[in-house]
Amino acid sequence: MHAPTLVINCGSSSIKYALIPASAESPRQFGLAERLGSAEAILNGTDGRGESFARALPGADHATALETILGCLEGQHPGAVGHRIVHGGERFTRAVLIDDDVVAEIEATAALAPLHNPANLEGVMATRTLFPQLPQVAVFDTAFHQSLPPRAYRYALPEALYRDHGIRRYGFHGTSHAHVSSRADALAGIRGGWLTAHLGNGCSTCAVWQGESLDTSMGLTPLEGLVMGTRSGDVDPGLHAHLARQLGWSLDDIDRVLNRDSGLVGLSGLSNDMRELEQAASEGHAGARLAIEVFCYRVAKSLAALSCALPRLDGIVFTGGIGENASAVRQRIVAALPHFGIALDDDANDATVRGREGRIDAGGPQLWVIPTDEEGRIALETRQLIEEACA
Ligand code: AMP
């Protein structure tokens, strides 16, 4: 397939898109339509020459925004559309061509991702109406983790909760962990055992053995695991009952605080942005220092725990806005894992920022910084599936 692939990530009031050419050398066009449904709706994008543009879209819905986006692609016609779908439940273990049955299955999984799946589906429905002739593919955040064994995905809860209600660990950020682990395999020239750390606004770790996810830090929802920008990550499960009984908090209060007011912003009392926290910490802000310390310790602790899933540890891969840029954070995480026997190359670590790919160890298990490319991975899986279907 030589035509470019249009990748769409649809939120409740936004559409993030990227037009990914079949050849890695050609430039990408990408953009974000935001505040859809309101008078302030706007599309910001970058054209084929890398020039930025902005279009006001007052009152536009998803379908209108998609039509405008297509009009901005400068005569480049996509050959297929790849949709990011957050939750594929247990049904979807890989990307699939979208038909009515797949739409119905994604709808049925909405209870597991009530904020994301219905919004993702809006994009699917609008695209199907606008371009009925284009093949559409669903690529799931959860699919890469469907290789987890039961010992990793089951909670120690009554069996009926799993059997009748699908309550288990699913894991997320699958396209990112899949991309950076396969890139690490290619760079190291092995089918290895990798611990991957996706550290951005959302954060998760994953143990990958020969291309398969064996365990990951996120669970039923993307709240489990590491400290994130605004999410708490792991807390005592007894906390919820305690807050309800002792403070009279409602379920919505608890959900909001754990998802939006916790993590780096909760600990620091300042910001969810690692750059701001590093600046404030260097000026002596105690909350910022504590937030960075807890963040790094929890990443190290998670990596150490996930190492149990691997028959052999070949190395650690850092990705995401923090993982790719914050060399001091990487240094702290590695320092908290002395028993891994890794030697960090300080110069290489300091030099590897701003989306650069690089190896930053000086012996022992390898350390890689590999920029994530979720859109590129969605386009790749979309192309592969269509080529298989045509073969
Ligand atoms: P993402 O969600 O992957 O875009 O990552 C967002 C996070 O990456 C935010 O916490 C940013 O502060 C952080 N980040 C981006 N650039 C840098 C940088 N140069 N140094 C430290 N953190 C960064």
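Reading guide: rules and limits
Residues numbered from 1 in each chain as written. Predicted model: local features only at pLDDT ≥ 70, side-chain atom pairs only at ≥ 80, totals over all residues. Heavy atoms only, no water. Buried < 20%, exposed > 50% of the residue type's maximum accessible area, 1.4 Å probe, protein only. Helix = DSSP H or I, 4+ residues; strand = E, 2+ residues; numbered from the N terminus. Pairing = 2+ DSSP bridges. Polar contact = N/O pair within 3.5 Å; in protein donor to acceptor, adjacent residues only side chain to side chain. Contact = heavy atoms within 4.5 Å. Near = heavy atom within 4 Å. Areas by Shrake-Rupley, 256 points an atom, 1.4 Å probe, with all protein chains shown as cover. Nonpolar A, V, L, I, M, F, W, Y, C, P; charged D, E, K, R; others polar. UniProt positions renumbered as here; feature names shortened; annotations may be inferred. Salt bridge = Lys/Arg side-chain N within 4 Å of Asp/Glu carboxyl O.

## Notes on the pairing of strand β12 (residues 315-319)
And then number 1: Among the five residues of β12, five are classified as buried, and the element is accordingly described as predominantly covered.
And then number 2: On β12, burial covers both faces: G315, V317 and T319 on one face and I316 and F318 on the other are all buried.
And then number 3: In terms of strand pairing, strand β9 (residues 193-199) meets β12 through five bridges, oriented parallel. The residue bridging L195 from the neighbouring strand is I316, located in β12.

## Overview of the side chain of Q136
And then number 1: Along the chain, Q136 falls in strand β8 (residues 136-140).
And then number 2: Given the relative accessible area of 4%, Q136 is considered buried.
And then number 3: Polar side-chain contacts of Q136 include one of 2.7 Å to the side chain of H83.
And then number 4: Aside from chain neighbours lying at most four places away, what touches Q136 is V81, H83, V96, L97, I98, T127, R128 and F131.

## With respect to the pairing of strand β10 (residues 203-209)
And then number 1: Where burial is concerned, most of β10 is hidden: seven out of the seven residues are buried.
And then number 2: When β9 meets β10, the two strands line up antiparallel, connected through seven bridges. When the sheet's bridge partners are listed, G193 is paired in β10 with W209.
And then number 3: With antiparallel pairing between neighbouring strands as the criterion, β9 and β10 make up a hairpin whose turn holds three residues.

## Considering the site of the ligand
And then number 1: Close to the ligand lie G200, N201, N272, D273, M274, R275, E278, G320, G321, I322, N325 and A326.
And then number 2: A distance of 3.0 Å is found between an oxygen atom of the ligand and a backbone nitrogen or oxygen belonging to M274.
And then number 3: The backbone of R275 places a nitrogen or oxygen atom 3.2 Å from an oxygen atom of the ligand.
And then number 4: Within the complex, the protein chains bury 72% of what would otherwise be the 510 Å² of accessible surface of the ligand.
And then number 5: Where the shell around the ligand is concerned, the elements lending two or more residues are α10 (274-282) and α12 (320-325).
And then number 6: A per-element tally of the shell around the ligand places α12 first, with four residues.
And then number 7: For the shell around the ligand, the per-class residue count stands at three nonpolar, six polar and three charged.

## Here we look at the UniProt feature "site: Transition state stabilizer" (unreviewed entry) in the protein
And then number 1: The UniProt record annotates "site: Transition state stabilizer" (unreviewed entry) at H173 and R231.
And then number 2: Relative to the helices and strands, H173 resides in the loop between α5 (159-165) and α6 (174-188).
And then number 3: On the basis of relative accessible area, H173 is assigned to the buried category, the value being 11%.
And then number 4: Every residue in contact with H173, bar those within four places of it in the chain, is listed here: D141, H145, H198, G202, C203, S204 and M218.

## What to know about the pattern of salt bridges
And then number 1: For the structure shown, the criterion picks out 20 salt bridges.
And then number 2: Residue R91 is joined to E105 by a salt bridge in which the shortest nitrogen-to-oxygen separation is 3.4 Å. Residue R91 is located in the loop between β6 (80-85) and β7 (96-97), and its partner E105 is located in helix α2 (residues 100-108); the two are separated by 14 residues in the primary sequence.
And then number 3: Overall, the relative accessible area of 28% leaves E105 in the partly exposed class.
And then number 4: With a shortest N-O distance of 2.8 Å, R312 and D314 are connected by a salt bridge.
And then number 5: Within this structure, E159, R163 and D164 form a network of salt bridges that share partners.

## Some thoughts on the UniProt feature "active site" (unreviewed entry) in the protein
And then number 1: Per the UniProt record, "active site" (unreviewed entry) is annotated on D141.
And then number 2: Tracing the chain through its elements places D141 in the loop between β8 and α4 (150-153).
And then number 3: Under the relative-accessibility criterion, D141 is labelled buried at 2%.
And then number 4: Leaving out residues up to four positions away in the same chain, D141 has contacts with R84, I85, V86, G171, F172, H173, G174 and T175.

## Some words on the environment of L380
And then number 1: Position of L380 among the secondary structure elements: in helix α15 (residues 374-390).
And then number 2: Judged by its relative accessible area of 33%, L380 falls in the partly exposed class.
And then number 3: A C-alpha to C-alpha distance of 8.6 Å links L380 and A22, two positions 358 residues apart in sequence.

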